[in-house]
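Here are the chains, one letter per residue:
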Amino acid sequence: MAVPEVKFTSLDFKQADADGTFEGYASLFNREDLGRDVVLPGAFRESLASRGARGIKLLFQHDANQPIGIWTTLEEDSRGLYAQGRLMREVGRAREVMALMRAGALDGLSIGFKTVKARRDRATGVRRLEKIDLWEISIVTFPLLPEARIASTKTKPFAEAPPSEREFERWLTRDAGLTRSEARALMRSGLSGLKALRDAGRGATEEAQLAIRMRAAARALLS
């Protein structure tokens, strides 16, 4: 049998609202973590299709005896596993968690899962997770790991100073998921430039995929 595993990422809990709703990324694609694992796009697809957001538990510290809310949205986009949840204020522990989140004392999410399909690079030792059986996502507290710091700063990539053109293009291709031609079209001509790319030969599928990437870019830039 597959061994249960957990993985951490950071979440900008400053977005937690008074009604207990919050959002962020529970997992980031194509990022090597400290365990030498990389989650690949599509890894959660089957779990999400079979269970849906409500079928994935929202727990505190991976404790099955401490459900504290529900996931209202779980979906893969070009960046990773995007999550929207709501803490149940009627539950005492959930109220405590929400207060700690808003104060910044709780700053992470962790997925609980079993690996269904993976392959390991013999040269580098990196394991690439192709299919994951996702059980639950927990709000957790943990030491500020390097990968967590990266994920947190990428949530607000240009908060301190406007980027140079090169930095913005790099962000669009590396973190927002656009191709280089899409990034340059956006920088040169805005959304009209992307429309021109579509009109130049994109089909419906490509257009839908571009829309997903643009929504992910907006989330990452504005959240």
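One can find the structure itself at the top, above this paragraph.
Residues numbered from 1 in each chain as written. Predicted model: local features only at pLDDT ≥ 70, side-chain atom pairs only at ≥ 80, totals over all residues. Heavy atoms only, no water.

**Let's talk about the nonpolar core**
(1) Moving on: Membership of the largest hydrophobic core comes to 30 residues, with the highest contact counts inside it found for F44, W71, L87, L134, I137 and I139.
(2) Moving on: Secondary structure elements with two or more residues in this core: β2 (21–28), β4 (57–60), β5 (63–76), β6 (80–87), α2 (92–103), β7 (108–120) and β8 (127–140).
(3) Moving on: Among the elements that make up this core, the one with the highest residue count is β8 (five residues). (Core = buried A, V, L, I, M, F, W, Y, C linked by side-chain atoms within 4.5 Å. Buried < 20%, exposed > 50% of the residue type's maximum accessible area, 1.4 Å probe, protein only. Helix = DSSP H or I, 4+ residues; strand = E, 2+ residues; numbered from the N terminus.)

**Some remarks on the pattern of salt bridges**
If the charged atoms of two oppositely charged side chains come close together, the side chains can form a pair.
(1) Moving on: Here the structure, examined in full by the defined rule, presents seven salt bridges.
(2) Moving on: Taking the shortest distance from any N to any O, the salt bridge between E130 and R119 comes out at 2.4 Å. One end of the pair, E130, is in strand β8; the other, R119, is in strand β7, with 11 residues separating them in the sequence.
(3) Moving on: The partly exposed category is assigned to R119, whose relative accessible area is 46%. (Salt bridge = Lys/Arg side-chain N within 4 Å of Asp/Glu carboxyl O.)

**Focus on the pairing of β5**
(1) Moving on: Of the strand pairs in this sheet, β4 and β5 are connected by three bridges, and their pairing is antiparallel. Considered in β5, the bridge of F60 is made with D63.
(2) Moving on: Once β4 ends, the chain turns through two residues before running back antiparallel as β5, passing Q61 with a positive phi of about 55 degrees.
(3) Moving on: Alignment of β5 against β6, held across seven bridges, turns out to be antiparallel. Looking at the pairing, I70 lines up with R86 of β6.
(4) Moving on: The loop that links β5 with its antiparallel partner β6 comprises three residues. (Pairing = 2+ DSSP bridges.)

**Considering unusual backbone geometry**
(1) Moving on: A positive phi angle is found at Q61, which is not glycine, with a value near 55 degrees.
(2) Moving on: What makes Q61 partly exposed here is its relative accessible area of 32%.
(3) Moving on: For H62, which is not glycine, the phi torsion reads 60 degrees and is therefore positive.
(4) Moving on: Relative to the assigned elements, H62 resides in the loop between β4 and β5.
(5) Moving on: The exposure class of H62 is partly exposed, given its relative accessible area of 26%.

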